[in-house]
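What follows is the residue order along each chain.
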There are 2 protein chains.
Amino acid sequence: MARTADPTGRDRILSTATALFYTHGVRAVGMAQVIEAAGCGKNMLYRHFPSKAALAAAYLARVRAQRDRSAQAALDGAWNDPASRLVALVAEVAAWNRRRDYRGCAFRNYLTEFPAGDDEPARVARDYLRDTRHQIDTLVAALGSPPLLADRLWLLIDALYAATGSDPEVAVDWSRELVGL
Amino acid sequence: MARTADPTGRDRILSTATALFYTHGVRAVGMAQVIEAAGCGKNMLYRHFPSKAALAAAYLARVRAQRDRSAQAALDGAWNDPASRLVALVAEVAAWNRRRDYRGCAFRNYLTEFPAGDDEPARVARDYLRDTRHQIDTLVAALGSPPLLADRLWLLIDALYAATGSDPEVAVDWSRELVGL
DNA sequence: GTCTATAAGGGGATAGAC
DNA sequence: GTCTATCCCCTTATAGAC
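Quantities reported herein were computed from a predicted structural model and do not represent experimental measurements.

J.: Any chance you could explain the relation of the copies chain A and chain B here in plain terms?
T.: The operation relating the pair of chain copies consists of a rotation about an axis and a translation along that axis. Least-squares fitting of chain A to chain B yields an RMSD of 0.1 Å, with the transformation described by 0.0 Å of translation along the axis and a rotation of 180°. Each copy turns onto its partner about a two-fold axis. When each C-alpha of chain A is compared by its distance to the rotation axis, Ala159 of chain A comes out closest, at 2.1 Å. Looking at the interface residues of chain A, 100% of them are also at the interface in chain B, so both copies use one shared face.

J.: Before we go on, may I ask you to explain the layout of surface pockets in this structure?
T.: A water-sized probe, rolled over the atoms, reveals where empty space remains. Approximately 920 Å³ is the volume found for the largest pocket. Forming the walls of the largest pocket are 32 residues, and the residues nearest its centre are Asn109 and Thr112 of chain A together with Arg108, Asn109 and Thr112 of chain B. Among the secondary structure elements, those contributing two or more residues to the lining of the largest pocket are helix H6 (106-113), helix H7 (120-143) and helix H8 (147-162) of chain A together with helix H6 (106-113), helix H7 (120-143) and helix H8 (147-162) of chain B. Broken down by class, the residue content of the lining of the largest pocket amounts to 16 nonpolar, nine polar and seven charged.

J.: What is the right way to read the protein's contact with DNA strand C from this model?
T.: Around DNA strand C, the surrounding shell holds 20 residues, and the nearest of these are Asp6 and Gly41 of chain A together with Met31, Lys42 and Lys52 of chain B. Of all DNA strand C atoms lying within 4 Å of any protein atom, the proportion belonging to sugar or phosphate reaches 59%. Within the contact set of DNA strand C, a phosphate oxygen lies 2.9 Å away from a backbone nitrogen or oxygen of Gly41 of chain A. In this structure, Arg47 of chain A approaches DNA strand C through a side-chain N or O atom, which is 3.0 Å from a phosphate oxygen. Contributions of two or more residues to the surface near DNA strand C are made by helix H3 (42-48) of chain A together with helix H2 (31-38) and helix H3 (42-48) of chain B. Of all the elements, H3 of chain A adds the most residues to the surface near DNA strand C, at four residues. Across the surface near DNA strand C, the residue classes break down as eight nonpolar, six polar and six charged.

J.: Please clarify how the protein's contact with DNA strand D should be interpreted in this entry.
T.: Around DNA strand D there are twelve residues in total, and Gly30, Met31, Lys42 and Lys52 of chain A together with Asn43 of chain B lie nearest to it. Protein-adjacent atoms of DNA strand D, using a 4 Å cutoff, are sugar or phosphate at a proportion of 40%. Backbone polar atom of Met31 of chain A to a phosphate oxygen of DNA strand D: 2.7 Å apart, as the coordinates give it. Asn43 of chain B places a polar side-chain atom, nitrogen or oxygen, 2.6 Å from a base oxygen of DNA strand D. When contributions to the surface near DNA strand D are tallied by element, the ones reaching two or more residues are H3 of chain A together with H3 of chain B.

J.: Would you mind showing me how to read empty space enclosed by the protein here?
T.: All names here are of chain B. Evaluation of the coordinates by the stated rule reveals five cavities of 30 Å³ or more. Approximately 120 Å³ is the volume found for the largest cavity. Lining of the largest cavity is provided by Arg67, Asp68, Ala71, Leu89, Glu92, Val93, Tyr128, Thr132, Gln135, Ile136, Ile157 and Tyr161. The set of elements that each furnish at least two residues to the lining of the largest cavity consists of helix H4 (52-76), helix H5 (82-97), H7 and H8. Ranked by residue count, the leading element in the lining of the largest cavity is H7, at four residues.

J.: It is not clear to me how the interface of chain A and chain B should be interpreted in this structure. Could you clarify?
T.: For an interface, size is often stated in terms of accessible area lost upon the parts coming together. The interface of chain A with chain B comprises 29 residues on the first partner and 29 residues on the second. When chain A packs against chain B, close to 2600 Å² is buried across both sides, 65% of that on carbon and sulfur atoms. Across the salt bridge formed by Arg152 of chain A and Glu177 of chain B, the nearest N and O atoms sit 2.9 Å from each other. Our enumeration of links across chain A and chain B arrives at six residue pairs in polar contact (both at pLDDT 80 or more). Elements represented by at least two residues in the side of chain A that touches chain B include exactly helix H1 (9-24), H6, H7, H8 and helix H9 (168-179) of chain A. Its residues assigned to classes, the side of chain A that touches chain B shows 15 nonpolar, six polar and eight charged.

J.: So what exactly am I meant to see when it comes to the side chain of Asn109 of chain B here?
T.: Residue and element names in this part refer to chain B. Following the sequence through the fold, Asn109 ends up in helix H6. Asn109 gets classed as buried once you look at its relative accessible area, which sits at 11%. A polar side-chain atom of Asn109 sits 2.9 Å from the main-chain carbonyl oxygen of Arg103.

J.: Where do I start with the packing of H4 of chain B against H7 of chain B in this structure?
T.: To describe two helices that pack against each other, one gives the angle between their axes and the distance between the axes. Residue and element names in this part refer to chain B. Direction vectors running N to C along H4 and H7 enclose 15°, while the axes themselves pass 8 Å from each other. Judged by the inter-axis angle, H4 sits roughly parallel to H7. Handedness of the H4/H7 crossing: left-handed. Facing Ala53, Ala56, Ala57, Leu60, Ala61, Arg64, Arg67, Asp68 and Leu75 of H4, the residues of H7 in contact are Glu120, Pro121, Val124, Ala125, Asp127, Tyr128, Asp131 and Gln135.

What counts and how
- Residues numbered from 1 in each chain as written.
- Chains lettered and ligands numbered in written order.
- Predicted model: local features only at pLDDT ≥ 70, side-chain atom pairs only at ≥ 80, totals over all residues.
- Heavy atoms only, no water.
- Least-squares fit on C-alpha atoms with pLDDT ≥ 70 in both.
- Contact = heavy atoms within 4.5 Å.
- 1 Å grid on protein atoms, 1.4 Å probe; cavity = no way out; pocket = protein on both sides within 12 Å on 5 of 7 lines; lining within 4 Å.
- Points joined across faces, edges and corners; volume = space filled by probe spheres on them.
- Helix = DSSP H or I, 4+ residues; strand = E, 2+ residues; numbered from the N terminus.
- Nonpolar A, V, L, I, M, F, W, Y, C, P; charged D, E, K, R; others polar.
- Near = heavy atom within 4 Å.
- Polar contact = N/O pair within 3.5 Å; in protein donor to acceptor, adjacent residues only side chain to side chain.
- Buried area = accessible area lost by both parts, 1.4 Å probe.
- Salt bridge = Lys/Arg side-chain N within 4 Å of Asp/Glu carboxyl O.
- Buried < 20%, exposed > 50% of the residue type's maximum accessible area, 1.4 Å probe, protein only.
- Axes fitted to C-alpha atoms, helices over the stretch in contact; angles between N-to-C directions.
- Parallel < 35°, antiparallel > 145°, perpendicular 65-115°, else oblique.
- Left-handed = near helix turned anticlockwise from the far one by under 90°.

Any link to function would need more than the numbers given here.
Put into structure tokens, the structure is as follows:
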């Protein structure tokens, strides 16, 4: 169809792969399935993503970018005190949890699917966990609270990502109580 | 070697499969790998477990039996009041969490690997989650506390099963505080 | 030169047959 | 226990349309 390079090609493929990987899991989705859903040729996919691991890493990086933007928006919409910002972070996870297409945490899910993985996607996943945990620690320190508060808030976030049928609002209310709001 | 059926055969196979499935994930482990590790013939495995789904269901049922026994032992070792029993249940999960070979919750992991599954193993997994949640609800009702306590304790248990590097003791102490001990 | 479509390589999956 | 059938996996290579 197009004689010139399709600038939307890579993004369209990655968008398709992201939806499939997140919904069904990385292991359950084959490259052929991504190709068919994206409506592209095999050649094009492998030029942009030389392997499935590369595609999975790009998938996780894309989700991370979305999550970071969403978390930043939550912080921007909160009061400027550490307590409000901590609650805003928990509430943001809860809001994500309530989405109809919610299927847990993409990074924790990946590490469950590939427990011994130390390739690029695993690094992206572990970096996200480390960075978000660090974000909590920093805000708790700014609040002047003992590290125990960070441990507890992190437990709440872990629980929200597990999502075995609990009401996310319980966690948000609890976090508010924890930080003294 | 043996002319009569090996009574330990089925159990040996299931034991091997349990270790492999739990450590590496169900999807990552092939039937050939189970056969080789169990040191049995292919026909013997398929005689006892006609499909991989049947083997996975038996694996989850076996883990459930272990978990139920362990939870019961924790209850038996606790005081007979609902508060102590609730803490004992949380502490039992924390103790499991501290094991070196801990790799998360077998049931939650399976549901992550097969999110749309409604076959036998998925039913075993979901039944476990439903029953353990019900166990918490019952004890909280016996304690005379509002359902919110059960929601919160369930969040702690979910968090313990996620286990992204938190100290399990934090959850146990928190549960003790929650039930008023 | 850039895309799609198709075929094939090389391996491993589940499962069945003897 | 071995051997085979069938299928799907990831990946590469080839051929054809614009």
